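Working through the structure, step by step
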Amino acid sequence: MSEPLIDLAGVTRQYQRGGETLRVLDDLDFSMPKGAFYAMMGPSGSGKTTLLNLLGGLDRADGGQVLVGGEDLAQMDGPELAAWRSVHVGFVFQGFNLIPVLNAIENLELALLLTPLSKRDRRQHAEHALELVGLKDRMKHKPKELSGGQEQRVAIARAIVTDPELILADEPTGDLDRTSALQILGLLQKLNTELDKTILMVTHDPVAAEHAHCTAHLDKGKLGRIEQNAAGRATADAALAE
Amino acid sequence: MPFRLVLRNLLAHPLRNFLTFGSVFVAILLLCMLRGASGALANTAAEGSNDRLWVQSAVSLYVDLPLSYRAKIDAVDGVELTSRFQWFGGVYQDESNFFAQFGIDSDAFLQSYPEIEIAEGDYAAFERSGRGCIIGADLASTYGWRVGDSVPIIGQIFNRTDGSPWEFTVEAIYSARTTRVDQQTLYFHYDYLKESLEQGAARGPSGAGVYLVKTEPGANPTRVMSEIDGMFENGPLRVQTTTDGEFARQFATMLGSVPTLLNLVGGAVLFAVFFAVLNTMLMAARERVRDIGIMKALGFTDVPILGTLLVESLLLCGTAGVLAVGFVYAGQSGIARAMAGFIPGFKVDPGIALTGLGIAVGVGLLSGLIPGWAVARLTPIKALRTEA
């Protein structure tokens, strides 16, 4: 796990709010090896989500360098960034963000429309991803017909269906009860250990953070300490066994 | 472009989309009909008979001409036949059953109207019978009248003094060879009306509304018109002689410039429906901002996102347009028959159909483009943060 997938150097991101300049990320240096599972914690407004947005190519840094998989995101224009996102990143959001009019498998197939796969291959890939998250039997269900935990599992399936190396999860358990949250965290661990996905998960929940290999702390746009989570591996085993 | 998403979004709000679809359907239908009617009115002058002229009061169509004029007009060089033509204005049973009735001279009428053919009965029997009438095939069909039936008409302008309705016997049923001549009129002997008035059996204005003139073959209609007008230049009542086409146009546009009015109404309808569809698409776009954010996060660019709203709007308007044009195109002969009484020659030509389709597509394009462009250009983060 020594080769870095994510490498940020001197990254700055600021917003204008009420005539005031808000420096959300302040000369941030952060590196994350390929195949790692990191939790990112910090108080509200510390820049966690902004960091995820920069890493996912949803936003642009005002300064510094954002390298993901060796590619400098600042050098890409809008359509290039969109194409890069479709191949290299999978997003898992707190509010699930499934398209409500599409059923589970159609939500996955939507993401695959940007790949050169045939219709039949898209269906096979989507079924396989739903099988991985244990929801193949719910593939014809629309989001409103699923529980919160099931919706988040579909969202995770969508995040991995294009087989990206990086999964960015923003408070993936924030809207879930404890049982569902543990299932989701177990699933993320499974993606990390079995599919070798690099995962960066933003969370407020220390229990959730413990499921990751490391917890990085962000405060006022600056990176603080990075802790190794001893419980991470054990929790993963327990969750998967459950 | 995710076509399935477009369809699902269309079906997600069935009532709203059905109403929008309906408004486009009705608007395009109306537009095609208005264009057809407007075109028919504009064409009446061009398509009129060349050897048929109409003599009317120079003051107004509402002023009757003296009966003595017939013999004088008959004497004009180039005039073959003359018929009095009197608007009767009665109703059958009540005012909801209104159709045109004219008192005519049977010896000149049929020869002046080669477009008319007798489909049932005998025109000679009509000529012989004092109270006989001939009716159009559509009129016969509407009321189930057959040859030999008695048709009571309640006078509105010409009332019988005993309060009874006028009784006409159907002697023949005519059909028209062209849509310019309607099949919903009742023609009876003008002499029946004249005698009733003279005998005191009825009250109403005496005189002829207009005179129908058939010119001799080879006669110059311009000269004949000029001669007739000149003959009555010094009274007692000045006349204005017009060609058949011009007369039909004047008759149909007595309320003013009807083609212009119809086009204005059509234009207003067009704007109204554009705003209705635009409103629907603006609502759809606003509801879908978060979905658009998701699509952007997945890697979709502005163009396919704009495409989803554009195709949705085009499907909504285009399908309604195709159905409306198809409906009016397929039913144009029926519509023409129904409108023949006041706008003869109604026709939806391919130009009108294409215009209707073009407008539907245009409305769909603009209605999808305006909100689509606005939301497609949102940044993924802004779109994702928007509450539905």
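Remember, predicted model here, so these are calculated numbers, not experimental data.

Some thoughts on a nonpolar patch on the surface
On the surface, a cluster of nonpolar side chains totalling about 360 Å² of accessible area is made up of Leu15, Phe18 and Leu19 of chain B. Mapping Leu15 of chain B onto the fold places it in helix H2 (residues 14–47).

Some words on the packing of helix H12 (residues 302–330) of chain B against helix H14 (residues 350–376) of chain B
Relative orientation and spacing of two packed helices are given, respectively, by the angle between their axes and the distance between those axes. Residues and elements named next belong to chain B. In contact at an axis separation of 7 Å, H12 and H14 are set at 155 degrees when each is read in the N-to-C sense. With respect to H14, the element H12 is oriented roughly antiparallel. Classified by chirality, the crossing of H14 by H12 is right-handed. When its residues are assigned to classes, the contact of H12 with H14 shows 20 nonpolar, seven polar and one charged.

Some thoughts on the interface of chain A and chain B
Interface size is commonly expressed as the accessible area that is lost once the parts come together. Opposite the 27 residues of chain A that make contact, chain B presents 20 residues. For the pair chain A and chain B, the two sides together bury roughly 2,000 Å², of which 65% comes from carbon and sulfur. Connecting chain A to chain B are three salt bridges. In this structure, the salt-bridge partner of Arg4 of chain B is Glu106 of chain A, at a minimum N-O distance of 3.5 Å. At the boundary of chain A and chain B, one finds six residue pairs in polar contact (both at pLDDT 80 or more). For the side of chain A that touches chain B, the per-class residue count stands at 15 nonpolar, four polar and eight charged.

Examining the sheet that holds strand S1 (residues 4–17) of chain A
Residues and elements named next belong to chain A. Spatially, the four strands line up as an open sheet ordered S2-S1-S4-S5, and their pairing is antiparallel. Here the strands that pair on one side only, and so sit at the sheet edges, are strand S2 (20–33) and strand S5 (71–72). As judged from the two bridges shared by strand S4 (residues 63–68) and S5, these two strands associate in the antiparallel manner. Note that in S5 the partner of Leu67 across the bridge is Asp72. Docked against the sheet, helix H1 (residues 48–55) engages S1, S2 and S4, running at close to 120 degrees with respect to S1.

What counts and what doesn't
Going along each chain's sequence as written, the residues are numbered from 1 onward. Think of it this way: whatever chain is written first is A, whatever ligand is written first is 1, and the rest follow in order. At least 70 in pLDDT is required for a residue's local features to be given in this predicted model, at least 80 for side-chain atom pairs to be given and counted, and no such filter applies to totals for whole chains, interfaces and linings, which use all residues. Computation of side-chain values covers all heavy atoms of the structure but excludes hydrogens and water. Patch definition: residues with relative accessible area over 30% and no salt bridge; like charges joined within 9 Å; nonpolar side chains (Val, Leu, Ile, Met, Phe, Trp, Tyr) joined within 5 Å. Values of accessible area rely on a 1.4 Å probe in the Shrake-Rupley scheme; residue burial ignores everything except the protein chains shown. Any carboxyl oxygen of Asp or Glu that lies within 4 Å of a side-chain nitrogen of Lys or Arg is treated as forming a salt bridge with it. Numbering of helices and strands runs from the N terminus; a helix is a DSSP stretch of H or I covering at least four residues, while a strand is a stretch of E covering at least two. Note on method: axes are straight lines fitted to C-alpha atoms, helices fitted across the in-contact stretch only, with angles between N-to-C directions ranging 0 to 180 degrees. Roughly parallel covers angles under 35 degrees, roughly antiparallel covers those over 145, roughly perpendicular covers 65 to 115, and oblique covers all other angles. Handedness of a crossing is defined here by the sense of rotation of the near helix relative to the far one, left-handed for an anticlockwise turn of less than a right angle and right-handed for a clockwise turn. Classification used: nonpolar for Ala, Val, Leu, Ile, Met, Phe, Trp, Tyr, Cys and Pro, charged for Asp, Glu, Lys and Arg, polar for all others including Gly. In this description, contact between two residues means that some pair of their heavy atoms is separated by no more than 4.5 Å. Values labelled buried area give the accessible surface lost by two parts on being combined, using a 1.4 Å probe and summing over both. We call two N or O atoms a polar contact when they sit within 3.5 Å, provided that within protein one can donate a hydrogen and the other can accept it, with sequence-adjacent residues counted only if both atoms are side-chain atoms. When DSSP locates at least two bridges between a pair of strands, those strands are taken to pair.

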